[in-house]
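One letter stands for each residue in the lines below.
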Amino acid sequence: MRYGLLAATALIATPAAAQTLDPAAQDGGEPLVIVGTPLVDPGEDIVGYPAQHVSDEQIARSHALDLSDYLRRLAGGVFVNEVQGNPLQPDINYRGFTASPLLGTPQGLSVYFDGIRMNQPFGDVVSWDLIPTSAIRSTTLVPGANPLFGRNSLGGALAIRTKDGRSDPGMTADIGYGSFGRSATRATVGGTHKSWHWFASADYFRERGWRDFSPSRAGQLFGKVGWADGGTDIALSGGFADSDLNGNGLQEMRLLAQEPASVYTHPDTTRNRGWCGNATLSQQLSDRLMLSANAFYRGIRTRTVNGDVNEGALGENLYQPNAAERAALATAGYSDVPTSGETQANTPFPRWRCIANVLLNSEPNEKCNGLVNRTATRQREWGATAELTWTAGANRLTLGAAYVDGHADFTQLSQFGYLTPDRGVVAVAGPGAFADGSQASENAFDARVDLSAGTRVVSLYALDGLDVTPTLHVDLSGRFDRTIVRNRDRITPGGGTGSLDGDHRFQRFNPAVALRWTPLEPVAIDLAVARTSRAPSAIELGCADPRSPCRLPNALAGDPPLAQVVAQTVEGGVTLTHGTVRLRAGAFRTVSRDDILFVASDQTGFGYFRNFGRTRRQGADLDLSARRGAIGLSAHYTLLDATYRSAETVGGAGNSSNDGPAPGFDGTIAIARGDRIPLIPRHLLKGAVTVDATRWLTLSADVVASAGVIARGNENGAHRADGVYYLGDGRTRPYAVANAAAEVRPGRGITLYVQVSNVFDKRYTTAAQLGATAFDASGRFVARPFAAPVIDGERPLLHASFQAPGAPRSAQFGMRLGF
């Protein structure tokens, strides 16, 4: 018998307990090999429950844009918050834990690419646009707080394996074109010669985008060469990726209702460039002993430019320039400055007071309604992992060690500017152009950051699998991580309030135990208890001082230590198999202790990260797959109850229940035990069907249905719209989106296809946030929506729900060739 070491629950898998994410792929066969670490290849077999396996054939048959798109449509328990508004920048969520490209988002999933952890050194973010889709051979989605996958695996892990010349010989090409000017091209070539094997792939994507001002492009190259002889397998691989993405984010509800393609402000550009190299070794030392190892290096450069509303200008008088301001403008050569009469009623997009105050370095933070935020991040990371696996009879023991050294340089500048009629932001030059705290204003703020951050991690782990009886398998595993984060502030060195300097050390041993019992051939019962942790990232440690709060993602501040987040998962299930029908019912519960939350400062409208107690994500999964002749079916249902288990105070400026002095004023809200965590749906249902109508024609369809989610800013669930100061109900509506496709195979190696997404052109939103709006219903900027009351010099603001719209109906036509 071959032994399986499943990383999530480390369980033996049999075909009776297997799951794929494609109703067309239902294969029988011998017991399956499943691997329990990020380093060792899980192979091509279907993985056992509760892990989910995706092959490259399944991705191709689904016509998904990339891996994240496939997971969104077909993976059980996975949902997407389209906060960035770009198809290559999704927040991928699994059971309420996130892998996001957005800095400051708590990361609860780890992603591995041929043993390289793709969570980046700075912020642990995941850039999906850097992963080459055509190079993917298989992907395993592993649930639960699994210690073997290390940091960030609070809710699960994603292990990606790449192709080589042995698994994918020959040549392939996939060329597609469709709605929104979208074109996608993929090509691969691979082969073998004697003991050598090689593989190369190229991906290119371009579109103008379905929203305004949202063109994007992305390209990836990947190559691998290897040598295998007897018990030795050595490979060298490398990749390069370059992308220029526009993700224009959330839109205010009234403007979205009028024009679904509109954006709140622009530009919102992210430019990524990444490269990596990886050397892997597999050596059979003896009949019982196997050595596996890898060593890697990667670099990433990221630049962002974001045009945003300057919320500090809301409530201020931005209109008619005074005498001193007119004089400054005249000296600078401006000739068409109004001498009187400019008001909110007749000037929907003011700019003269902004320009003048930048020239005078006086109060641009209050007179400029726009901010252009620029960041630049340089990251490099190298590391190595080695594993020894010893097999003796019914016992298999794996011992591993890993070292990772990462470094990041992060800089940020915020430049004052003004909004234009198309809601773009024009930056203004002058002595007071940048938000560096030097302005002659009581509300001046310093948004500059120049941070050097280093992260080193040493890990030791072990996994022991044993067949106690012919029907009972037990796995014991554990991992020790020691993490050192070293922050150095180039603007305010020396430590203390306002400085980013800090040295932080975190260490923890996390165990796991898993059982699998097969009392009858069609019945399999599994149970697992596991614990894992994540150390705070450099960005969280850089914004953790209540005496020096920051505005995320726009600035960092001082950094008292934060504790590690520790998550413990209990999960189990029963799998029943009858012929080609497989049904699994399971339940899970993950409790996170010392979770990290961005909370409000008592003294300012800013905030900071802090540990605050517990959160809980629990629920049940029901999965069904079947194959009957030419028809394949699959369905996934997840009930997900995600709640806070501790009390806390957070910012609530857009929440009608906040403790501000009057409606429309800033204040805080209190989270109580049992309140729902935002952006996590309670119900998620997915279904798919494929029909091989003839030998040359395949039809398929899939549907994703989701309950609505609580908006950020409504953590207490108490927000109620009053139609005056507060608009929107603080949550999104349920939705269901259907997709359909057809494939025609006119000859060997030739496939023509059409994919229609959102067949019924459903309007829906996947995320929401409460906040102050800067515009009226027609899109005109309004600094003072209400004349009174005025309290402590401040005026009430209009607050609304900002929503992340889903894409409308689209079609993609393509041709896939294989030789």
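For the structure, check the block above.
Residues numbered from 1 in each chain as written. Predicted model: local features only at pLDDT ≥ 70, side-chain atom pairs only at ≥ 80, totals over all residues. Heavy atoms only, no water.

Examining the state of the cysteines
Then step 1. Counted by the stated rule, this structure contains one disulfide.
Then step 2. Note on cysteine connectivity: Cys 354 is disulfide-linked to Cys 368, with sulfurs 2.1 Å apart. What sets the handedness of the Cys 354 and Cys 368 disulfide is the S-S torsion sign, and at about 95 degrees it is right-handed. Residue Cys 354 is located in helix α5 (residues 352-360), and its partner Cys 368 is located in the loop between α6 (364-367) and β17 (370-392); the two are separated by 14 residues in the primary sequence.
Then step 3. For Cys 354, a relative accessible area of 1% translates into the label buried. (Disulfide = S-S within 2.5 Å. Helix = DSSP H or I, 4+ residues; strand = E, 2+ residues; numbered from the N terminus. Buried < 20%, exposed > 50% of the residue type's maximum accessible area, 1.4 Å probe, protein only.)

Side note on the packing of aromatic side chains
Then step 1. For the coordinates displayed, the defined rule picks out 12 aromatic pairs.
Then step 2. Pairing Phe 113 with Phe 222 gives two aromatic rings, centres 6.0 Å apart and planes at 90 degrees, and the pair type is edge-to-face. A residue pair is termed long-range when its members are at least 10 positions apart, and Phe 113 in strand β5 (residues 109-113) and Phe 222 in strand β12 (residues 216-229) qualify at 109 residues. Taken individually, Phe 113 and Phe 222 each receive the classification buried, so the pair is uniform in this respect.
Then step 3. Note on Tyr 264 and Phe 802: the rings are 5.0 Å apart at their centroids and 90 degrees apart in plane angle, and the pair reads as edge-to-face. Note that Tyr 264 is positioned in the loop between α3 (253-258) and β15 (268-284) and Phe 802 in strand β37 (residues 799-805), a separation of 538 residues in sequence. As far as burial versus exposure is concerned, Tyr 264 and Phe 802 are alike and both buried.
Then step 4. An aromatic cluster is built from Tyr 264, Phe 775, Phe 781 and Phe 802, whose rings are joined through pairwise contacts.
Then step 5. Above the ring of Phe 588, the side-chain terminus of Arg 95 is found at 4.1 Å from the ring centroid.
Then step 6. The side chain of Arg 351 reaches across the aromatic face of Trp 352, ending 4.1 Å from its centre. (Phe/Tyr/Trp six-rings, centres within 6.5 Å; stacked < 30°, edge-to-face > 60°. Lys NZ or Arg CZ within 6 Å of the ring centre and 35° of its normal.)

Side note on a negative patch on the surface
Then step 1. On the surface, a cluster of negative charge is made up of Glu 311, Glu 442, Asp 666, Asp 792 and Glu 794.
Then step 2. Topologically, Glu 794 is positioned in the loop between β36 (765-772) and β37. (Patch = residues over 30% accessible without salt bridge, like charges linked within 9 Å, V, L, I, M, F, W, Y side chains within 5 Å. Areas by Shrake-Rupley, 256 points an atom, 1.4 Å probe, with all protein chains shown as cover. Salt bridge = Lys/Arg side-chain N within 4 Å of Asp/Glu carboxyl O. Lys, Arg positive; Asp, Glu negative; His and termini not counted. Charge placed at Lys NZ, Arg CZ, Asp CG, Glu CD.)

Looking at unusual backbone geometry
Then step 1. Backbone torsion omega between His 266 and Pro 267 reads 5 degrees, so that peptide bond is classified as cis.
Then step 2. By secondary structure assignment, the location of Pro 267 is in the loop between α3 and β15.
Then step 3. With omega at 0 degrees, the peptide bond leading from Ala 788 into Pro 789 counts as cis.
Then step 4. Counting through the fold element by element, Pro 789 comes out in the loop between β36 and β37.
Then step 5. Non-glycine residue Arg 95 carries a positive phi angle of around 55 degrees.
Then step 6. Using a relative accessible area of 5% as the deciding quantity, one classes Arg 95 as buried.
Then step 7. For Phe 213, which is not glycine, the phi torsion reads 55 degrees and is therefore positive.
Then step 8. On the secondary structure map, Phe 213 appears in the loop between β11 (196-207) and β12.

Looking at a nonpolar patch on the surface
Then step 1. Together, Trp 517, Ile 525, Val 574, Leu 576, Val 581, Leu 583, Leu 622 and Leu 624 make up an exposed nonpolar region whose accessible area comes to about 610 Å².
Then step 2. Elements with a minimum of two residues in the nonpolar patch: β24 (565-578), β25 (581-593) and β28 (614-628).
Then step 3. With respect to the helices and strands, Val 574 occurs in strand β24.

Describing the environment of Phe 205
Then step 1. Assignment of secondary structure puts Phe 205 in strand β11.
Then step 2. Phe 205 gets classed as buried once you look at its relative accessible area, which sits at 6%.
Then step 3. Excluding residues within four positions of it along the chain, Phe 205 makes contact with Leu 65, Pro 87, Leu 88, Arg 182, Ser 183, Ser 216, Arg 217 and Ala 218. (Contact = heavy atoms within 4.5 Å.)

Quick look at the sheet that holds β36
Then step 1. One open sheet holds the three strands; their spatial order is β14-β37-β36, and the pairing between them is antiparallel. Every interior strand has two partners, whereas the edge strands, β14 (251-252) and β36, have only one.
Then step 2. As paired elements, β14 and β37 share two bridges and run antiparallel to each other. Among the inter-strand pairings, Glu 252 is bridged to a residue of β37, identified as Phe 802. (Pairing = 2+ DSSP bridges.)

Looking at the sheet that holds strand β3 (residues 91-94)
Whenever strands of a sheet pair, they do so through backbone hydrogen bonds, lying parallel or antiparallel.
Then step 1. Within the open sheet, the three strands sit side by side as β2-β3-β4. Their pairing is antiparallel. At either margin of the open sheet sits one strand with a lone partner, and together these are β2 (78-81) and β4 (97-99). Geometrically, the sheet is characterised by an average inter-axis angle of 30 degrees between neighbouring strands, direction not taken into account. (Axes fitted to C-alpha atoms, helices over the stretch in contact; angles between N-to-C directions.)

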